[in-house]
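Listed below, chain by chain, are the residues.
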Amino acid sequence: MGYTILHRSCLQKPALIFLFICCVVRSANAGDWNVPAQQLARKIVAVTGPGAVTVTFENRSSLGKKDLDTISSLLRVELEAAGARPAAAEQSAATAMVTLSENPQSYVWVAEIHQGAGESAVVMVSMPRRDQAGLGQETMPVTLRKIPLWAQKDRILDVLVIEEDSAPKQIAVLDGEKIALYRLKNGKWQQEQVLGITHARPWPLDLRGRVIASKDHLLDVYLPGVFCRSTTSLPLALNCRESDDPWPLTSTDGAIPPLGGFYSSSRNFFTGALTPGVGKLTTVAKFYSAVAVPRDKYVLWLFAGTDGQVHMVDGVTDQAAKLGLGSDVASVKTACGTGWQMLATSAEDRNLQQDSDSVRAYEITDRELVPVSAPLNFSGEITVLWAEAKGESAIAVVWSRETGEYEAFRLAVGCSQ
C-alpha cells in the first residue's frame, strides 16, 4: 500500500478536516493504538471496498515519531486484513489521506477518501488523550489548545494571522531573511509573495523578531537594530532601515496603555529602557519578555528578567522574585476567571536545547502566581512566545528535534467552567 509519512510540517489539509477535530466518535484504551487502527481501517475499506488503495499520513498531533511509526504500521496491517491491496498512487483507484490530530480531550484520526472523480468521503475515530494536557482539566478553570499554523526548516521568529474566519486564511511568516505571505486556497497553503529583509550587520545569536499588523499599511517588522515597514499597495514591498526604535510590548486593542521596550541590537533581550514608562519608572532590569495585568486602579507589569527573576512593576515599586518560570511570557484577555491570564513557558536554561517544553496559564492574585490551567506540552523547545495583536491568543514556535523544523502554533484559551 503506498504509504507516505508526512510530519507536522505538511500543514496543508482541506479546511473540512478542522470541522471534525472537535468531534468524538469512538473511544479506546489510551496508549493502545490497535483498537482505533482496526476501527479506522474497517471504515476506510467500507468506503473503498476491497482492492487497490493508496494511503498517506499527516501528523498534526503532539505524538512523536515513534508513535507515528507504530500507528502507520498497525493501520497498514489492519487495512490488509480488511481486504485493501497495496498500490502506488498511479495504480490505485482510491486514496485515503489520514490525518492524526487532537483536541483538548482526545486524539482524532480522520481519513479523507477520494475515488476517481467522485466526491470525497470522510471517516474518523477518536480515543482519549494520554498526556497531561488532557488530564485534570475539569479542576482547572482554563484550558489551552494549540492550533498548527506553519512549519519550516528556517527559524521562525513570528507569525501574523492577517485574515481569518473560523480558521486562519492568510498568514505572514517571519524569519531572519524574509517575510513570506501565504493564503489558504483549496485547502492548501499557497505562497503569495516573499518580501526580503535587508540588514547591514550580521544577526546576533538566538535571533528574535516581531511582525505586527498596522492600521494604515499591512505590517511592521521589528528585528535587532532594524525596522521594516510594508507599503500599502499591491504588490507589497518592504522598506527596511537601521533603527533603535522601541518594540511594542502591548496589544493593539487599546485595553492597556501603550508601552515600548528598547531591544538590544547585539543580544537577545530588551535593555530595560521603557517608553513612556510604567508610572514613574522608565527603566527596569534587562528582560526577555513582559506582560501587563490590569488591576482596579493601575496596571501591573511583569518582566521576565535576564537575572532569572520576575520583576513586578506597578509604577512606583519594582519587586523581584524567583517564580520558577521560563523566560517567555505573554498575557491574554479572555472571558475566564479574572479576565486576564499570563501564559508562561516552563523554567529552562535559554542557552541549552531541550527535548520538550510546556506552556501554562496563570493568574496574579495579591502578586502571587496561581496556576489556572494544566501544562500544555510540546515535543520540542519553545523558541518564541508572543501575544497576538488582539490580545486574545498567542503565537508559540517550537523547534522539533524529531523533524528538525520550526513549528508555529496559535495558542487558544478556553474556559472550563
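Everything in this summary refers to the structure shown in the same document.

Cut-off values and rules
Residues numbered from 1 in each chain as written. Predicted model: local features only at pLDDT ≥ 70, side-chain atom pairs only at ≥ 80, totals over all residues. Heavy atoms only, no water. Phe/Tyr/Trp six-rings, centres within 6.5 Å; stacked < 30°, edge-to-face > 60°. Helix = DSSP H or I, 4+ residues; strand = E, 2+ residues; numbered from the N terminus. Buried < 20%, exposed > 50% of the residue type's maximum accessible area, 1.4 Å probe, protein only. Pairing = 2+ DSSP bridges. Axes fitted to C-alpha atoms, helices over the stretch in contact; angles between N-to-C directions. Salt bridge = Lys/Arg side-chain N within 4 Å of Asp/Glu carboxyl O. Disulfide = S-S within 2.5 Å.

Once that is clear, we can look at the packing of aromatic side chains. Under the counting rule described, the total for this entry stands at 13 aromatic pairs. Seen in terms of ring centroids, Tyr 222 and Trp 247 are 6.3 Å apart; in terms of plane orientation they differ by 55 degrees. Their pairing is tilted. Separated by 25 residues along the polypeptide, Tyr 222 in strand β13 (residues 219–223) and Trp 247 in strand β16 (residues 247–248) bring together distant segments of the chain. Relative to Phe 270, the ring of Tyr 263 has its centre 4.9 Å away and its plane inclined at 90 degrees; by these criteria the two rings are edge-to-face.

Here we come to the pairing of strand β30 (residues 393–400). Judged by how many residues are buried, β30 sits mostly within the fold: 8 of 8 residues are covered. What you see with β30 is no split at all: Ser 393, Ile 395, Val 397 and Trp 399 on one side and Ala 394, Ala 396, Val 398 and Ser 400 on the other are buried throughout. Of the strand pairs in this sheet, strand β29 (residues 381–387) and β30 are connected by 6 bridges, and their pairing is antiparallel. By the bridge assignment for β30, Leu 385 is matched with Ala 396. Linking two consecutive strands that pair antiparallel, namely β29 and β30, is a turn of 5 residues; a positive phi of about 80 degrees is found at Gly 391 within it. Relative to strand β31 (residues 405–415), β30 runs antiparallel, the two sharing 8 bridges. For Ala 394, the partnering residue across the bridge sits in β31 and is Leu 411. Where β30 folds back onto β31 in an antiparallel hairpin, the turn is made up of 4 residues, including Gly 404, whose phi is positive at roughly 70 degrees.

The next point concerns the sheet that holds strand β11 (residues 188–196). The sheet built from 4 strands is open, its strands ordered β8-β9-β10-β11 with antiparallel pairing. Two strands lie at the open edges of the sheet, namely β8 (158–164) and β11, each paired on one side alone. Each adjacent strand pair in this sheet contributes to an overall mean axis angle of 20 degrees, direction not counted.

With that out of the way, let us pick up the sheet that holds strand β7 (residues 142–152). On the basis of which strands lie adjacent, the open sheet formed by 4 strands has the order β7-β31-β30-β29 and antiparallel pairing. Either end of the sheet is taken by a strand with one partner, and the two such strands are β7 and β29. When the angles between neighbouring strand axes are averaged without regard to direction, this sheet yields 25 degrees.

The next thing to look at is unusual backbone geometry. Cis geometry is adopted by the peptide bond preceding Pro 276, which originates at Thr 275 and carries an omega value of 0 degrees. Positioned with a positive phi, Asp 206 is a non-glycine residue whose angle comes to about 55 degrees. Among the structural elements, Asp 206 can be located in the loop between β11 and β12 (210–213).

Right, let's talk about the pattern of salt bridges for a bit. Tallied over the entire structure, the rule returns 14 salt bridges. A salt bridge links Asp 245 to Arg 241, with the nearest nitrogen and oxygen atoms 3.0 Å apart. The class of Arg 241 is partly exposed, set by a relative accessible area of 44%. Here Asp 314 and Arg 367 are joined by a salt bridge, their closest N and O atoms 2.7 Å apart. Taken as a pair, Asp 314 in the loop between β22 (310–313) and β23 (318–321) and Arg 367 in the loop between β26 (357–365) and β27 (368–371) lie far apart in primary sequence, 53 residues in all. Sharing partners across several salt bridges, the network here consists of Asp 154, Asp 175 and Lys 178.

The next point concerns the environment of Tyr 288. Considering the arrangement of structural elements, one finds Tyr 288 in strand β20 (residues 287–294). Classification of Tyr 288 as buried rests on a relative accessible area of 14%. Sequence separation of Tyr 288 and Gly 308 is 20 residues, and the distance between their C-alpha atoms is 9.9 Å.

Quick look at the state of the cysteines now. Taken as a whole and assessed by the stated rule, the structure comprises 2 disulfides. The disulfide partner of Cys 228 is Cys 240, and the S-S distance across this bridge is 2.1 Å. On the sign convention where negative means left-handed, the S-S torsion of about 110 degrees between Cys 228 and Cys 240 marks this disulfide as right-handed. Here Cys 228 is found in strand β14 (residues 226–230), whereas its partner Cys 240 is found in strand β15 (residues 238–242), with 12 residues between them in sequence. Judged by relative accessible area, Cys 228 falls into the buried class, the value being 0%. Linked covalently through their sulfurs, Cys 336 and Cys 415 form a disulfide whose S-S length is 2.0 Å. The sign of the S-S torsion, about -100 degrees, decides the handedness of the disulfide formed by Cys 336 and Cys 415: left-handed. A residue pair is termed long-range when its members are at least 10 positions apart, and Cys 336 in the loop between β24 (325–333) and β25 (340–346) and Cys 415 in strand β31 qualify at 79 residues. Cysteine pairing for the chain (bonded cysteines numbered in sequence order): 1-2, 3-4.

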